[in-house]
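Single-letter residue listing:
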Amino acid sequence: MRVEPLSIEGAFVVTPRQHRDDRGVFLESFRGDVLAEHLGHRPDVVQSNVSVSSRGTVRGIHVSNVPPGQAKYVTALTGSLLDVVVDLRTGSPTFGRHEAVLLDTDERRAVYLAEGLGHGFCALEDDTTAMYLCTAVYDPATEYGVNPLDPALGIEWPLGPTPLLSPKDAAAPGLEDALAAGRLPSWEACRERAAALAQRADRAAPS
């Protein structure tokens, strides 16, 4: 398994090693211990979500308050999707920047994004199934959205300018409005959260 950082701190792309034979393929899709080598702590997965999307569907951009925040580990089980990470941490040196990674059933890569990072994706095929491993349970009171079509984000979604959005995502504010409303997590709070998780891991490690 290869773990590589993206240009946004706290985001990684994970490429598993696949073992193929006449029966098919086997791979380790998630290794908390391997991620811990890069994060400084092992992700505490407490919820698994699965979404099935038609071609051209865009889900996101979603982010949770920090604390507690919600880190995610996202992969495609069927079909393919363009996964997008957006830095929504106010005060971050890469605030507003995004990175896109193709997730499919060929390379079977995954994306990890830390607490405070925004997330969305576009399904490139019908019946695209995405799985998210999450470090906190979903809480609608602490999750916010930024409109994925906001020109300020500069995301070039594939498959045309009018993707299929949920009413909630279509009505989400743009980046500047979300910032002005104080609805985005701060860079300082996210760094404090990461440091606290690393300290907890150090205390739990055998001496």
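Throughout what follows, the structure given in this document is the object of discussion. Fair warning: this is a prediction, and the values are worked out from it, not measured in the lab.

**Looking at the pairing of strand 3 (residues 18–21)**
Of the strand pairs in this sheet, strand 3 and strand 4 (residues 24–27) are connected by four bridges, and their pairing is antiparallel. Its bridge partner lying in strand 4, Arg20 is registered against Val25. Linking strand 3 to strand 4, which pair antiparallel, is a turn of two residues.

**Brief notes about a nonpolar patch on the surface**
Residues Val50, Val52 and Leu77 make up a contiguous nonpolar surface patch of roughly 260 Å² in combined accessible area. Inspection of the secondary structure assignment puts Val50 in strand 5 (residues 47–53). The exposed category is assigned to Val50, whose relative accessible area is 52%.

**What to know about the sheet that holds strand 5**
With respect to topology, six strands assemble into an open sheet ordered 1-2-10-7-12-5, the strand pairing being antiparallel. The open sheet has two edge strands with one neighbour each: strand 1 (2–5) and strand 5. Along the sheet, successive strands turn relative to each other by an average axial angle of 20 degrees, direction set aside. Two elements, strand 1 and strand 2 (residues 11–15), share four bridges in a ladder whose sense is antiparallel. Of the residues in strand 2, the one forming a bridge with Arg2 is Thr15.

**A few points about helix 1 (residues 32–39)**
All of the buried residues in helix 1 are Gly32, Val34, Leu35 and Leu39. Each buried residue of helix 1 lies within a common arc of 160 degrees when the element is viewed along its axis, so the set occupies one face. For helix 1, the secondary structure elements touched by its buried residues are strand 1, strand 2, strand 7 (72–78) and strand 10 (110–113). Downstream of helix 1 by a residue or two, Gly40 has a phi angle that is positive, lying close to 90 degrees.

**Focus: the nonpolar core**
Core analysis: the largest hydrophobic core is formed by 17 residues, its most contacted members being Val85 and Leu103. Ranked by size, the runner-up nonpolar core spans 15 residues in total, among them Val58, Val63, Cys122 and Leu175.

**Regarding the packing of aromatic side chains**
For the structure shown, the criterion picks out three aromatic pairs. Between Phe30 and Tyr73, the aromatic rings sit 5.0 Å apart at their centres with planes inclined by 80 degrees, giving edge-to-face as the arrangement. Taken as a pair, Phe30 in the loop between strand 4 and helix 1 and Tyr73 in strand 7 lie far apart in primary sequence, 43 residues in all. With 6.3 Å between their ring centres and 50 degrees between their planes, Phe121 and Tyr132 make a pair best called tilted. Here the residue Phe121 occupies a position in strand 11 (residues 117–123), and Tyr132 occupies one in strand 12 (residues 128–134), the gap between them amounting to eleven residues. Summarising the burial analysis for this pair, Phe121 and Tyr132 share the class buried.

**Quick word on helix 4 (residues 187–204)**
Under the 1.5 Å per step criterion, the end-to-end length of helix 4 is 26 Å for 18 residues, consistent within 8% with the ideal 26 Å. Residues of helix 4 that are buried include every one of Trp187, Ala189, Cys190 and Leu197, and no others.

**Focus on the pattern of salt bridges**
Tallied over the entire structure, the rule returns seven salt bridges. The salt bridge involving Glu9 is made with Arg191; its shortest N-O contact spans 3.4 Å. Here the residue Glu9 occupies a position in the loop between strand 1 and strand 2, and Arg191 occupies one in helix 4, the gap between them amounting to 182 residues. Its relative accessible area of 48% is what places Glu9 among the partly exposed residues. Residues joined in a network through salt bridges with shared partners are Glu28, Arg31 and Asp33.

Each value, and the rule that gives it
- Residues numbered from 1 in each chain as written.
- Predicted model: local features only at pLDDT ≥ 70, side-chain atom pairs only at ≥ 80, totals over all residues.
- Heavy atoms only, no water.
- Pairing = 2+ DSSP bridges.
- Helix = DSSP H or I, 4+ residues; strand = E, 2+ residues; numbered from the N terminus.
- Patch = residues over 30% accessible without salt bridge, like charges linked within 9 Å, V, L, I, M, F, W, Y side chains within 5 Å.
- Areas by Shrake-Rupley, 256 points an atom, 1.4 Å probe, with all protein chains shown as cover.
- Salt bridge = Lys/Arg side-chain N within 4 Å of Asp/Glu carboxyl O.
- Buried < 20%, exposed > 50% of the residue type's maximum accessible area, 1.4 Å probe, protein only.
- Axes fitted to C-alpha atoms, helices over the stretch in contact; angles between N-to-C directions.
- Arc of directions from axis to C-beta.
- Contact = heavy atoms within 4.5 Å.
- Core = buried A, V, L, I, M, F, W, Y, C linked by side-chain atoms within 4.5 Å.
- Phe/Tyr/Trp six-rings, centres within 6.5 Å; stacked < 30°, edge-to-face > 60°.
- Expected span 1.5 Å × (residues − 1).

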